[in-house]
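Read off the chains here:
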Amino acid sequence: MELSGAEILVQCLKDEGVEYLFGYPGGAVLHIYDALYNQEDVKHILVRHEQAATHAADGYARATGKPGVVLVTSGPGATNAVTGIATAYMDSIPMVVITGQVSTAVIGSDAFQEVDAVGITRPCVKHNFLVKDINDLAETVKKAFYVASTGRPGPVVVDVPKDITDPAVKVPYHYPDKVNMRSYQPTVKGHTGQIKRAVDLMLSAKKPMIYTGGGVVLGKGSDELRQFVRHLGFPITSTLMGLGAYPASDKQFLGMLGMHGTYEANMAMHDCDVLIAIGARFDDRVTGKIAEFCPHAQIIHVDIDPSSISKTITVDIPIVGSVPDVLQEMNHLLKNSNKKPQKKAVEEWWNIIEGWRSKQCMSYDRNSDKIKPQAVVELLHEITKGEAYVTSDVGQHQMWAAQYYGFDEPNRWINSGGLGTMGFGLPAAMGVQLAYPESTVICVTGEGSIQMCIQELSTCLQYGLPVKIVALNNRYLGMVRQWQEFFYENRYSHSYMESLPDFVKLTESYGHVGIRIEKPEDLRAELERGFAMKDRLVFFDIVTDQTENVYPMIAQGKAHNDMHMSPYSAPAQDSERELS
Amino acid sequence: MRHIISILIENEAGALSRVAGLFSARAYNIESLTVAPTEDPSLSRMTIVTTGTDRIIEQIVKQLNKLIDVVKLMDLTEGPHIEREMMLIKVKAATMAQREDVKRLCDIFRGHIIDVTSSTYTIELTGAVSKLDSFIEALAEHKIIETVRSGVTGIARGEKSLHL
């Protein structure tokens with residue numbers, strides 16, 4: 001079969017089983033768009049900005065575990081995509097981004113819409129390719145999917161000059177079943193000796209703690225993790241990225257840890273004697289002050305990426321391997337071991353933890369005459385029975401969604417954790433909704449974040465995506481305002497959102513439904529009314545308490561046992577400070 | 001601590017910039033970097049001299065290994081090894097006294113004069129970094145017109161080697 005480069009690209013996507021291609025046409029990719037015409041297998045989703053194409057593909061990938069695929073043109077198409085590529089890179093999301101490029105003959109001549117896409121994306125991709133020969137095209141695409149979705153996943157860019165896709169030049173097409181790269185062979189299976197040592201250490205632990213991250217979700221290791229945690233009976237906490245891998249409603253789950261983690265999770269981290277880190281990377285928002293991180297603990301670290309191990313925190317037992325493989329082996333050893341966990345000591349440890357838990361650090365004012373953002377998220381959980389896919393933007397609303405929704409399943413919580421990209425939520429929700437048309441998809445956002453990609457309301461109309469947008473509108477860039485309150489003596493420099501649009505009218509002008517909610521007594525009925533509109537996009541503009549803060553909070557560079565607590569949690573003890 | 005890291009890397013466009021970009025993005029030190037193809041034209045051999053604490057060197061090695069184009073690498077300084085750098089240096093040599101002194105120093109350091117004009121000598125000298133530094137010091141009384149150093153290359157002693 002002889003095909004042009006453009007036809008080869010489209011055929012590769014079909015052979016790869018790609019359902020959706022998120023993109024935006026332009027000069028350098030016109031041949032490819034022509035090859036997309038009159039075919040049904042790869043459904044193209046026309047976004048309104050290339051950043052949204054990458055976020056939508058990213059949301060699709062996070063919800064399904066399959067790589068998201070993007071097609072943009074050269075120059076501004078590529079640069080607009082960079083934010084989304086960097087977002088995926090920081091959270092290790094599998095993605096293949098095809099960027100058009102000017103013809104090989106004019107590369108380097110500052111041609112119209114020319115940018116060095118390979119150079120500009122190099123620091124924020126797992127790998128990238130410039131295709132210089134049509135005969136390399138199919139194999140390069142195969143490599144891109146292979147690299148993006150194996151090992152520690154990540155985005156891969158394939159830069160395709162226009163002449164490579166010329167309809168007049170045809171070559172034989174063959175899509176390889178697999179590729180072998182001598183320079184890329186990710187480790188999957190953990191070292192048996194190390195796994196044995198780790199199991200021995202956890203069975204000797206008196207104050208054990210399990211700390212899991214996004215690697216459990218990405219590695220599809222949730223079932224193995226549940227078995228592991230239940231067998232041991234140990235307390236477990238999760239990073240922002242790992243929420244849902246272990247059910248939030250389970251008694252052994254202490255909630256999220258880190259800067260806005262629960263009191264019990266952070267205190268248990270500080271006091272534990274054995275820390276079992278699984279698919280987590282000791283991010284600075286998690287560790288707080290490095291010198292005082294888990295000062296009494298021996299640390300076991302399971303991660304597929306060797307460079308994540310001992311990067312910021314030196315660990316005692318490193319295990320390089322994929323989360324489900326390593327946990328399977330651990331579960332097997334635990335089941336067949338004649339040794340059992342230190343039952344009595346662990347019981348005493350649980351008593352201490354229950355003491356911390358009784359502080360009820362997530363309490364807030366439930367009798368306020370203003371709408372509390374936490375109450376909104378709790379209601380969302382109730383109305384959707386905890387089964388929705390929830391995307392978010394970045395800021396206070398993101399933390400409240402993470403803290404109060406209570407995710408019981410993996411791949412349900414979709415947010416930009418590493419890069420912290422405002423504007424992520426709505427396009428990501430589009431990708432999720434396309435993947436799961438029957439499911440409820442909520443975008444929890446703020447009036448600041450939503451304006452960064454609000455043009456996608458138009459895309460949602462075109463493809464009939466009934467996303468529920470829940471904007472916690474506090475007329476502030478809330479997280480910035482909170483830091484200014486705590487650390488800049490209430491000097492609210494440029495954190496107030498003036499001249500906000502009428503979101504209801506705005507949504508209506510895009511052909512959707514807008515609902516504004518101002519009073520706590522209207523909240524439930526209005527949310528229920530909106531969520532009952534299964535086939536409509538509904539934008540809830542919810543006027544929330546302007547002064548609400550995210551608690552608990554560990555200030556940057558402070559230790560885990562040094563938290564700002566909510567004024568509504570139980571009275572302070574020991575070293576922690578109250579901030580009212 | 002100073003380390004010499006030897007890398008076998010795919011001989012492809014952009015491979016060098018991935019390595020250089022990694023060092024600048026992660027704020028690692030880079031003292032010198034040399035690169036050229038090997039006997040297998042699909043592979044390049046790169047030698048990087050860097051400094052850092054043990055933790056940083058461990059990260060550099062891991063991050064380099066993570067680059068898709070890197071096939072294999074070793075830290076030469078972990079075992080016995082030989083390092084060499086080549087220098088081309090152009091020195092003013094106009095008077096008889098100058099010409100004699102430069103020639104004498106060149107002989108002592110086992111260099112070669114590879115180009116001569118009525119007013120200059122160009123010398124080629126190969127050795128460890130310290131030897132090249134000493135030669136420049138020894139030339140202190142003379143006017144150095146130009147110094148060109150290749151950067152360090154190295155190889156493990158004995159049976160040990162970096163190959164596929």
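Parameters and conventions
- Residue positions are given per chain, counting from 1 as you read along its sequence in written order.
- Starting at A for chains and at 1 for ligands, labels are handed out in the order in which the entities are written.
- Note on the predicted model: pLDDT of at least 70 is required for a residue's local features to be given, and 80 or more for side-chain atom pairs to be given and counted; whole-chain, interface and lining totals, by contrast, use all residues.
- Numbering of helices and strands starts at the N terminus; helices are DSSP runs of H or I of at least 4 residues and strands are runs of E of at least 2.
- A pair of residues counts as a contact when their C-beta atoms, built from backbone coordinates, are separated by no more than 7 Å.
- Just to be clear, the radius of gyration here is over C-alpha atoms, and the globule rule we use is 2.2 Å times residues to the power 0.38.
- Three exposure classes are used. Buried residues have 20 or more other C-beta atoms within 10 Å of their own C-beta, exposed residues have 12 or fewer, and partly exposed residues fall in between, all C-beta atoms being placed from the backbone.
- When DSSP locates at least two bridges between a pair of strands, those strands are taken to pair.
- Between N-to-C directions, angles span 0 to 180 degrees; the directions come from axes that are lines fitted to C-alpha atoms, helices contributing only their stretch in contact.
- UniProt positions are given in the numbering used here, feature names are shortened, and annotations may be inferred rather than shown by experiment.
- Taking the helix axis as origin, the arc is that swept by the directions to the C-beta atoms.
- For this scheme, ten residues count as nonpolar: Ala, Val, Leu, Ile, Met, Phe, Trp, Tyr, Cys and Pro. Four count as charged, namely Asp, Glu, Lys and Arg, and the remainder, Gly too, count as polar.
- Confidence of the predictor in every single residue is expressed as pLDDT, which spans 0 to 100.
- We call two directions roughly parallel when the angle between them is under 35 degrees, roughly antiparallel when it is over 145, roughly perpendicular when it lies between 65 and 115, and oblique otherwise.
- Helix crossings fall into two classes, left-handed where the near helix is turned counterclockwise from the far one by less than a right angle and right-handed where it is turned clockwise.
- Convention used here: a crossover is right-handed provided that the path from the first strand, over the helix, to the second strand proceeds clockwise when the strands point away from the viewer.

Enquirer: In this structure, what is going on with the overall build of chain B? I would like to understand it.
Expert: In terms of helices and strands, chain B carries four helices and nine strands. Shown N-terminal to C-terminal, the secondary structure of chain B runs as helices and strands in the order β-α-β-β-α-β-β-α-β-β-α-β-β. Sequence-distant contacts, at least 24 apart, represent 73% of the contacts inside chain B between residues at least 6 apart.

Enquirer: Is there a simple way to explain the overall build of chain A in this structure?
Expert: Of regular secondary structure, chain A possesses 20 helices and 22 strands. Its C-alpha atoms give chain A a radius of gyration of 25 Å, within 12% of the compact-globule value 25 Å for 580 residues. Its C-alpha atoms give chain A principal-axis dimensions of roughly 75 × 60 × 40 Å. Within chain A, the proportion of its 580 residues that are buried is 55%. Relative to all contacts within chain A whose residues are 6 or more apart in sequence, the contacts with residues 24 or more apart total 77%.

Enquirer: Sorry if this is basic, but what is going on with the sheet that holds strand β6 (residues 127-130) of chain A here?
Expert: All names here are of chain A. Reading across from one edge, β3-β2-β4-β5-β7-β6 is the order of the six strands in this open sheet, with parallel pairing throughout. Each edge of the sheet is formed by a strand with only one pairing partner; in this case those strands are β3 (43-46) and β6. For this sheet the average axis-to-axis angle between neighbouring strands, irrespective of direction, equals 20°. Pairing analysis gives five bridges linking strand β4 (residues 68-72) to strand β5 (residues 95-101), with the strands arranged parallel. Within β5, the position partnered with V72 by the bridge is T99.

Enquirer: I tried to follow the UniProt feature "domain: ACT" (unreviewed entry) in chain B on my own but got confused; where do I start?
Expert: Summarizing the sequence annotation, UniProt attributes the feature "domain: ACT" (unreviewed entry) to residues 4-78 of chain B in the numbering used throughout. With 32% helix and 37% strand, residues 4-78 of chain B has its two end C-alpha atoms placed 9 Å apart.

Enquirer: Explain helix α9 (residues 222-232) of chain A here, please?
Expert: Because the α-helix completes a turn every 3.6 residues, residues three or four places apart line up on one side. All names here are of chain A. Those residues of α9 lying buried are S222, E224, L225, F228, V229 and L232. The arc that holds every buried residue of α9, seen down its axis, measures 155°, which confines them to one face. For α9, the elements touching its buried residues are α7 (192-204), β9 (208-212), α8 (214-218), β10 (236-238), β12 (274-278) and α12 (323-336). Phi turns positive one or two residues past the end of α9, at G233, with a value near 70°.

Enquirer: Explain the interface of chain B and chain A to me, please; I cannot follow it from the model alone.
Expert: How big an interface is tends to be reported as the loss of accessible area on association of its parts. Facing 15 residues of chain B, the contacting portion of chain A comprises 12 residues. When contributions to the side of chain B that touches chain A are tallied by element, the ones reaching two or more residues are α1 (15-25), α2 (54-66) and β4 (70-75) of chain B. Per element, the largest residue contribution to the side of chain B that touches chain A is five residues, and it comes from α2 of chain B. Among the residues making up the side of chain B that touches chain A, the classes are represented as four nonpolar, five polar and six charged.

Enquirer: Is there a simple way to think about the pairing of strand β7 (residues 120-127) of chain B in this case?
Expert: On a regular strand, each side chain points to the face opposite its neighbour's, so the side chains alternate between the two faces of the sheet. All names here are of chain B. Here strand β5 (residues 81-92) runs beside β7; their pairing, made up of eight bridges, is antiparallel. The residue bridging M86 from the neighbouring strand is T126, located in β7. Pairing between strand β6 (residues 112-116) and β7: four bridges, direction antiparallel. When the sheet's bridge partners are listed, H112 is paired in β7 with E124. Remark: three residues form the turn of the hairpin made by β6 and β7, two consecutive strands paired antiparallel.

Enquirer: So what exactly am I meant to see when it comes to the confidence of the model for chain B here?
Expert: Low pLDDT marks regions whose predicted coordinates should not be analysed in detail. Looking at chain B as a whole, the pLDDT averages 96, with 100% of positions reaching at least 70. In the predicted assembly, ipTM is 0.92 and pTM is 0.95.

Enquirer: Honestly, the confidence of the model for chain A in this entry has me stumped. Any pointers?
Expert: Averaged over every residue, the pLDDT of chain A is 96; residues scoring 70 or more account for 98%. Confidence drops under pLDDT 50 across residues 575-580 of chain A; counting only partners more than four residues distant or on other chains, this segment forms 11 contacts.

Enquirer: So what exactly am I meant to see when it comes to unusual backbone geometry here?
Expert: Most peptide bonds take the trans configuration, and most residues that are not glycine carry a negative phi. Residue and element names in this part refer to chain A. Here the amide bond leading from Y551 into P552 is cis, since omega sits at -15°, within 30 degrees of zero. Tracing the backbone through its elements, the reader meets P552 in the loop between β20 (538-543) and β21 (564-565). At Q360, a position not held by glycine, the phi torsion is positive, near 50°. Here Q360 shows up in the loop between α13 (343-357) and α14 (373-383).

Enquirer: Looking at this structure, how should I read the sheet that holds strand β19 (residues 513-517) of chain A?
Expert: Note: strands within a sheet are paired through backbone hydrogen bonds, in either parallel or antiparallel orientation. All names here are of chain A. As summarised here, the arrangement of the six strands in space is β16-β15-β17-β18-β20-β19, forming an open sheet in which the pairing is parallel. Strands with a single pairing partner mark the edges of an open sheet, and in this sheet they are β16 (413-414) and β19. Here two bridges tie strand β15 (residues 389-392) to β16, and the two strands are oriented parallel to one another. Residue pairing across strands places T391 opposite I414, the latter belonging to β16. Docked against the sheet, α14 engages β17 (441-446), β18 (468-473) and β20, running at close to 165° with respect to β18. The sheet contacts of helix α15 (residues 396-404) involve β15, β16, β17 and β18, and relative to β17 the element is tilted by about 140°.

Enquirer: Please explain the packing of α14 of chain A against α15 of chain A as it appears in this structure.
Expert: The description of two packed helices rests on the angle between their axes and on the distance between the axes. Residue and element names in this part refer to chain A. Close contact between α14 and α15 brings their axes to 9 Å; oriented N to C, the two are set at 45°. In terms of orientation, α14 lies oblique with respect to α15. Helix-helix and strand crossings are classified by hand; for α14 and α15 the assignment is right-handed. The residues of α15 that touch α14, namely those facing P373, Q374, V377 and E378, are H397, W400, A401 and Y404. For the contact of α14 with α15, the residue count by class is five nonpolar, two polar and one charged.

Enquirer: Explain the environment of G84 of chain A to me, please; I cannot follow it from the model alone.
Expert: Residues and elements named next belong to chain A. Positionally, G84 belongs in helix α4 (residues 76-90). Distance in space between the C-alpha atoms of G84 and P427 is 10 Å, their sequence separation being 343 residues. Contacts of G84, omitting those with residues within four sequence positions, involve Q51, T54, H55 and D58.

Enquirer: Quick question: what am I supposed to make of the packing of helix α3 (residues 50-64) of chain A against α4 of chain A here?
Expert: All names here are of chain A. Across the interface, α3 lies against α4 with an axial gap of 7 Å and an inter-helix angle of 30°. By the criterion of interaxial angle, the relationship of α3 to α4 is roughly parallel. Handedness of the α3/α4 crossing: right-handed. Side by side, α3 and α4 meet where E50, Q51, A53, T54, H55 and D58 of the first sit next to G77, N80, A81, T83, G84, I85, T87 and A88 of the second. When grouped by side-chain class, the residues that make up the contact of α3 with α4 number four nonpolar, eight polar and two charged.

Enquirer: For this particular structure, what's the right way to read the pairing of β5 of chain A?
Expert: All names here are of chain A. Taking burial as the measure, the seven residues of β5 include seven buried ones, the bulk of the element. Residues of β5 alternate between two faces, with M95, V97, T99 and Q101 on one and V96, I98 and G100 on the opposite face, all of them buried. Crossover connection from β4 via α4 to parallel β5: handedness right-handed. Note: β5 against strand β7 (residues 155-161), seven bridges, orientation parallel.

Enquirer: Sorry, what's going on with helix α1 (residues 5-15) of chain A here?
Expert: Residue and element names in this part refer to chain A. Counting buried positions along α1 yields nine of 11 residues, so the element is predominantly enclosed. Every buried residue of α1 is accounted for by G5, A6, E7, I8, L9, V10, Q11, C12 and L13. Among the residues trailing α1, G17 stands out with phi positive, at a value near 80°.

Enquirer: Looking at this structure, I do not really get the environment of L500 of chain A. What am I missing?
Expert: Residues and elements named next belong to chain A. Looking at the secondary structure, you find L500 in the loop between α18 (478-487) and α19 (503-509). Counting along the chain gives 52 residues from L500 to G448, while the straight-line C-alpha distance between them is 9.1 Å. Excluding its chain neighbours within four sequence positions, the residues that come into contact with L500 are E447 and R475.

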